[in-house]
Amino acid sequence: MKAKTVLGSAAVGVGLGTLLLPAAALADTTVSPATTPVGGTVVLTTTTCNPKAGDALFRVTGPNRDQNVRSTTAAAGGGLSAELFTAGFTLGTYTVTTTCGDGSSGGSAQFTVTPIGGAPAGAGGSATT
């Protein structure tokens, strides 16, 4: 009977520990910078994915994109990273979701593509002639 009680208590403890972990500890994808002009470069990084488990796959979706960027490059702080050149991107917000080489999720992040030398999309900027 004591074995059942200990086993039950351990299961509850593990369950509570899982619930108390912040989401960032489970999956961490970042995009830098968060805002870039058309033709700029964005660095996609995941610290969750272990390079030893295989490549990370960053899926970029947005106004005119649904593409995958594969990374085999080790990030300075651990994990994997890739560079994304935004030439030909439509202005707007893009979402990056990451899948690690072992099939686990690496999280998600967003970045915004703005006009070259202009106000951010939707900011109500004016043009001069």
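What counts, and where the lines are drawn
Residues numbered from 1 in each chain as written. Predicted model: local features only at pLDDT ≥ 70, side-chain atom pairs only at ≥ 80, totals over all residues. Heavy atoms only, no water. Salt bridge = Lys/Arg side-chain N within 4 Å of Asp/Glu carboxyl O. Pairing = 2+ DSSP bridges. Helix = DSSP H or I, 4+ residues; strand = E, 2+ residues; numbered from the N terminus. Axes fitted to C-alpha atoms, helices over the stretch in contact; angles between N-to-C directions. pLDDT = per-residue confidence, 0-100. Contact = heavy atoms within 4.5 Å. Disulfide = S-S within 2.5 Å. Buried < 20%, exposed > 50% of the residue type's maximum accessible area, 1.4 Å probe, protein only. Core = buried A, V, L, I, M, F, W, Y, C linked by side-chain atoms within 4.5 Å.

Counted under the stated rule, the structure contains 2 salt bridges. Put simply, Arg59 and Asp66 hold a salt bridge, and the shortest N to O gap is 2.8 Å.

One key point about sheets: their strands pair by backbone hydrogen bonds, in either a parallel or an antiparallel sense. Reading across from one edge, β2-β9-β8-β4-β5 is the order of the 5 strands in this open sheet, with mixed pairing throughout. The sheet is open, and its two edges are formed by β2 (35-37) and β5 (65-71), each paired on a single side. Neighbouring strand axes in the sheet, compared pairwise and without regard to direction, differ in orientation by 25° on average. Relative to strand β8 (residues 92-99), strand β4 (residues 56-62) is paired through 5 bridges, and the arrangement is antiparallel. Looking at the pairing, Phe58 lines up with Thr98 of β8.

Turning to the confidence of the model for the chain, a few remarks are in order. Averaged over all residues, the pLDDT of the chain is 78; the fraction at 70 or higher stands at 70%. Across the chain, β8 holds the top mean pLDDT of 96, while helix α2 (residues 23-26) sits lowest at 42. Note that pLDDT drops below 50 for residues 1-26; the model gives that stretch 3 contacts with residues more than four away or on any other chain. In this model residues 121-129 is a low-confidence stretch, pLDDT under 50, and it forms 4 contacts with partners more than four residues away in sequence or in other chains.

Looking now at the state of the cysteines. In total, this model carries 1 disulfide according to the counting rule given. The disulfide that involves Cys49 links it to Cys100, with 2.0 Å between the sulfurs. Note on the Cys49 and Cys100 pair: the S-S dihedral is about -80°, so by sign convention the disulfide is left-handed. Of the two residues, Cys49 is situated in the loop between β3 (41-46) and β4 and Cys100 in the loop between β8 and β9 (105-114); the sequence distance between them amounts to 51 residues. Since its relative accessible area comes to 2%, Cys49 is described here as buried. The buried category is assigned to Cys100, whose relative accessible area is 5%.

Moving on, we come to the sheet that holds strand β1 (residues 29-32). An order of β1-β3-β7-β6 is seen for the 4 strands of this open sheet, with the pairing classed as antiparallel. The strands lining the two open edges of the sheet, one partner per strand, are β1 and β6 (73-74). The pairing of β6 with strand β7 (residues 80-85) spans 2 bridges and is classified as antiparallel. Bridging from a neighbouring strand, Thr73 pairs with Ser81 of β7.

Leu44, Val60 and Phe111 are the most contacted members of the largest nonpolar core, which totals 18 residues. Counting only elements with at least two residues in this core, the list comes to β3, β4, β7, β8 and β9. If sequence neighbours within four positions are ignored, Val60 has contacts with Leu44, Arg65, Asp66, Gln67, Val69, Leu84, Phe89, Tyr94, Thr95, Val96 and Phe111.

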